[in-house]
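Structural features, examined
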Amino acid sequence: GVFANENQLEDATQELTHAVRLAPDSAEYSMELAGVLLLWQHYSSALEFLTTVRDRFEKLPDCQYKVALAYYGLNLYPEAIAKLDKLAGEHPDMDLVQYFLGGSYMAEGELNKAEPYYQRAIELNPKNPLYYKSLGELLRRQGPDRVDEAIEALTRALHLDAGDVQAKLELALCYEKQSKY
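One structure accompanies this document, and this report is about it.

Here the focus is the overall build of the chain. Within the chain, the secondary structure is distributed over 11 helices and zero strands. The helix and strand sequence of the chain, counted from the amino end, reads α-α-α-α-α-α-α-α-α-α-α. Expressed along its principal axes, the backbone C-alpha trace of the chain runs to roughly 60 × 35 × 25 Å. In the chain, buried positions account for 44% of the 181 residues. One finds the centroid of the 18 positive side-chain charges in the chain at a distance of 3 Å from the centroid of its 29 negative side-chain charges.

Structure (structure tokens):
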């Protein structure tokens, strides 16, 4: 679900916690609770909860993905990479898995390793502006010889989401790098 504010996240967390207590074998309630905790950016709580239900649900791709997201949110990138890499091998068509693998490698400063994952996420879901924006940032950070490619990716991101302030900033940084004021 979409939550407009923190009160709604808190209410959803309380409701789902109650639902999980009533139906501890419900993967749906457990994964929804983990999802709300992640959305709320309570990564430690999400990881702690997922650890408690691991025995029941660890084989579910959604559970593995949410554990990886919790690691990612906690800046535990090597752990996130290990989980996401395994998941990508088993489910190569999950674009978000590819995206967060790229993001994890980028956060670790391994730009060359990150790039193919961003490319794959775009290949799987070419309408997600976030993927182009992240690729554009990565290309810009790789150096002056990649700036034209970065501009192309960021322009595509803005074509899909004209209001993306972060993409506009990245594009400005590219033009600055080219001295195209």
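Below, the discussion takes up the pattern of salt bridges. This structure, assessed with the given rule, holds 10 salt bridges. With a closest N to O distance of 2.9 Å, K86 and E90 form a salt bridge. Residue K86 and its partner E90 are located together in helix α6 (residues 77–90), separated by four residues, close to a single helical turn. Here K86 falls in the partly exposed class, since its relative accessible area comes to 48%. With its nearest N and O atoms 2.6 Å apart, the salt bridge here joins E170 to R140.

Where like charges cluster on the molecular surface, the negative patch consists of E6, E10, D11 and E15. By the secondary structure assignment, D11 is in helix α1 (residues 6–22). Judged by relative accessible area, which is 44%, D11 ranks as partly exposed.

On to the side chain of Q64, then. By secondary structure assignment, the location of Q64 is in helix α5 (residues 61–73). On the accessibility criterion, Q64 (11% relative accessible area) is buried. A polar atom in the side chain of Q64 sits 3.3 Å from the backbone oxygen of K59. Q64 has contacts with E58, K59, K83, K86, L87 and E90, leaving out every residue within four places of it along the chain.

Take S104: it is sitting in helix α7 (residues 95–107). Owing to a relative accessible area of 0%, S104 belongs among the buried residues under this scheme. If sequence neighbours within four positions are ignored, S104 has contacts with Y72, Y77, A80, I81 and L84.

What counts and what doesn't
Residues numbered from 1 in each chain as written. Predicted model: local features only at pLDDT ≥ 70, side-chain atom pairs only at ≥ 80, totals over all residues. Heavy atoms only, no water. Helix = DSSP H or I, 4+ residues; strand = E, 2+ residues; numbered from the N terminus. Buried < 20%, exposed > 50% of the residue type's maximum accessible area, 1.4 Å probe, protein only. Lys, Arg positive; Asp, Glu negative; His and termini not counted. Charge placed at Lys NZ, Arg CZ, Asp CG, Glu CD. Salt bridge = Lys/Arg side-chain N within 4 Å of Asp/Glu carboxyl O. Patch = residues over 30% accessible without salt bridge, like charges linked within 9 Å, V, L, I, M, F, W, Y side chains within 5 Å. Areas by Shrake-Rupley, 256 points an atom, 1.4 Å probe, with all protein chains shown as cover. Polar contact = N/O pair within 3.5 Å; in protein donor to acceptor, adjacent residues only side chain to side chain. Contact = heavy atoms within 4.5 Å.

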